[in-house]
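Survey of secondary and tertiary structure
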Amino acid sequence: MTTPKSPLFNRLALIGVGLIGSSIARAARAQGVVRSIAATARSPATRRRVAELGLADQVTETNAAAVEGADLVIVCIPVGACGEVAREIGPHLMTGATVSDVGSVKGSVVRDMAPHLPGGVHFVPAHPVAGTEYSGPDAGFAELFVNRWCILTPPANADAQAVERLAAFWRALGSNVDTMTAEHHDLVLAVTSHLPHLIAYTIVGTADELSQVTRSEVLQYSAGGFRDFTRIAASDPTMWRDVFLANKDAVLEMLGRFNEDVSALTRAIRRGDGEALFNHFARTRAIRKGIVAIGQDSPAPDFGRPHPDLPHTPLPRPYAAEGE
Ligand code: NAP
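A brief structural summary.

Conventions used here
- Residues numbered from 1 in each chain as written.
- Predicted model: local features only at pLDDT ≥ 70, side-chain atom pairs only at ≥ 80, totals over all residues.
- Heavy atoms only, no water.
- Helix = DSSP H or I, 4+ residues; strand = E, 2+ residues; numbered from the N terminus.
- Buried < 20%, exposed > 50% of the residue type's maximum accessible area, 1.4 Å probe, protein only.
- Contact = heavy atoms within 4.5 Å.
- Areas by Shrake-Rupley, 256 points an atom, 1.4 Å probe, with all protein chains shown as cover.
- Near = heavy atom within 4 Å.
- Polar contact = N/O pair within 3.5 Å; in protein donor to acceptor, adjacent residues only side chain to side chain.
- Phe/Tyr/Trp six-rings, centres within 6.5 Å; stacked < 30°, edge-to-face > 60°.
- Axes fitted to C-alpha atoms, helices over the stretch in contact; angles between N-to-C directions.
- Parallel < 35°, antiparallel > 145°, perpendicular 65-115°, else oblique.
- Nonpolar A, V, L, I, M, F, W, Y, C, P; charged D, E, K, R; others polar.
- Pairing = 2+ DSSP bridges.

1. Looking at the overall build of the protein chain
Helix and strand counts for the protein chain stand at twelve helices and nine strands. Relative to its full complement of 324 residues, the protein chain shows a buried share of 40%. In the protein chain, once contacts between residues fewer than 6 apart in sequence are set aside, the share between residues at least 24 apart is 74%. For the protein chain, the accessible surface area stands at approximately 17500 Å², while carbon and sulfur atoms represent 57% of it.

Following this line, the structure appears as structure tokens:
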């Protein structure tokens, strides 16, 4: 990350300070890209925690107070709540301010937020394609966006300077920035992110229903692949409920294709068609190598996590044995 010579924005307002909002606060501070940060969250408990962690110069009680005088407003809440927040902040936005978000779905955010934003405000939706399965203000860290993509989906008539300024902000936080339409974003993310999460939620749920197995063998032998699904399936339920509701059409389209491919593999297994299975797996292995080659994951085995001397961490309930 390179430190810009002067701040890109005077006052950043963050609405919602969970994993993403708190990571933006930490990174923006570390990189000196804003002069001050105002932040707010829905619950008093989160606002208190944000103040305790010193993530913002000012923690406000309301969304309206947070955006007063802000030249950059980033809404960092579940996508289903963005419209209501836009309605609330619309009358309080400063002329010339840039309003953005971090939602994992873009079409619905544009549809829900844009009508509430006054003329003279630049609306540039964004999606940092970076995250973990953890939530809340304690979960964030300044390096979250380094070498990760941030996709901007400005409307066709967006002010080019405002788009470039927001792109510079994300680049200063360490991201690579790409621009595309909201519709295209939603289709791409349906297959690269939303469908994988749905598959993980499904398979972990399926294993859980086999409760005899789940409590013993599935956990014991989880390094066989199951463990990586459980990490994804631990992602925030509210966020992911909203993602599937908001990106319904694209997810259903990708799910249809996925089901066809599962049927083809099912057929190959049933018919003992080893060649079909081998060719499919060889193709997918090449995709993994491509992801490593472009620096989006580590080539180290086990997804780069050290494992031989893992400290003992107790299993989460309900899997942990009594007393663990
Ligand atoms: P998070 O850690 O759960 O934090 C969510 C924040 O939104 C909290 O401050 C919460 O306030 C607030 N909030 C929740 N429901 C709200 C509502 N109905 N109205 C107003 N505020 C509400 O979530 P996150 O992971 O940072 O995700 C935030 C956004 O980033 C989502 O749109 C998600 O799609 C997107 N995103 C997430 C990831 C990821 O991997 N997690 C990656 C890229 C983008 P309280 O704490 O007070 O309840």
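2. Considering the site of the ligand
Among the 25 residues in the neighbourhood of the ligand, the closest are listed as Ser43, Thr46, Ile77, Ser104 and Gly136. Threonine 46 has a polar side-chain atom sitting 2.6 Å from an oxygen atom of the ligand. Measuring from an oxygen atom of the ligand, one finds a backbone N or O atom of isoleucine 77 at 2.7 Å. Summarising the interface, the protein chains cover 84% of the accessible area of the ligand, which totals 910 Å² for the free molecule. When residues of the shell around the ligand are traced back to their parent elements, those giving at least two are helix 1 (19-31) and strand 7 (126-129).

3. So, the packing of aromatic side chains
A complete count under the given rule lists four aromatic pairs for this structure. Ring plane angle 85° and centroid distance 5.0 Å describe the contact between phenylalanine 145 and tryptophan 170, whose orientation is recorded as edge-to-face. A residue pair is termed long-range when its members are at least 10 positions apart, and phenylalanine 145 in the loop between strand 7 and strand 8 (149-152) and tryptophan 170 in helix 6 (residues 160-172) qualify at 25 residues. Residues phenylalanine 145 and tryptophan 170 agree in their burial class; the two are buried. Taking the centre distance of 5.8 Å and the plane angle of 90° together, the rings of phenylalanine 169 and tryptophan 170 count as edge-to-face. Of the two residues, phenylalanine 169 and tryptophan 170, both sit in the buried class. One aromatic cluster is present, formed by Phe9, Phe145, Phe169 and Trp170 through successive ring pairs.

4. Looking at the packing of helix 11 (residues 248-271) against helix 12 (residues 274-293)
Remark: helix 11 packs on helix 12, axes separated minimally by 8 Å, with the N-to-C direction vectors making an angle of 140°. The pairing of helix 11 with helix 12 is recorded here as oblique in orientation. Mapping the contact onto sequence places Leu265, Ala268 and Ile269 in helix 11 and Ala276, Leu277 and His280 in helix 12. For the contact of helix 11 with helix 12, the residue count by class is five nonpolar, one polar and no charged.

5. A few points about the sheet that holds strand 4 (residues 72-75)
What the six strands build is an open sheet, ordered 3-2-1-4-5-6; its pairing is parallel. The open sheet has two edge strands, strand 3 (58-59) and strand 6 (122-123), and neither has a second partner. The sheet strands contacting helix 1 are strand 1 (9-15), strand 2 (34-40) and strand 4, and the helix crosses strand 1 at an angle near 160°.

6. Focus on the environment of leucine 152
Among the structural elements, leucine 152 can be located in strand 8. Separated by 24 residues in sequence, leucine 152 and proline 128 place their C-alpha atoms 8.6 Å apart. In this structure leucine 152 touches Val124, Pro125, Ala126, Val163, Leu166, Ala167, Trp170, Val177, Asp178, Thr179 and Met180, once residues within four positions along its chain are discounted.

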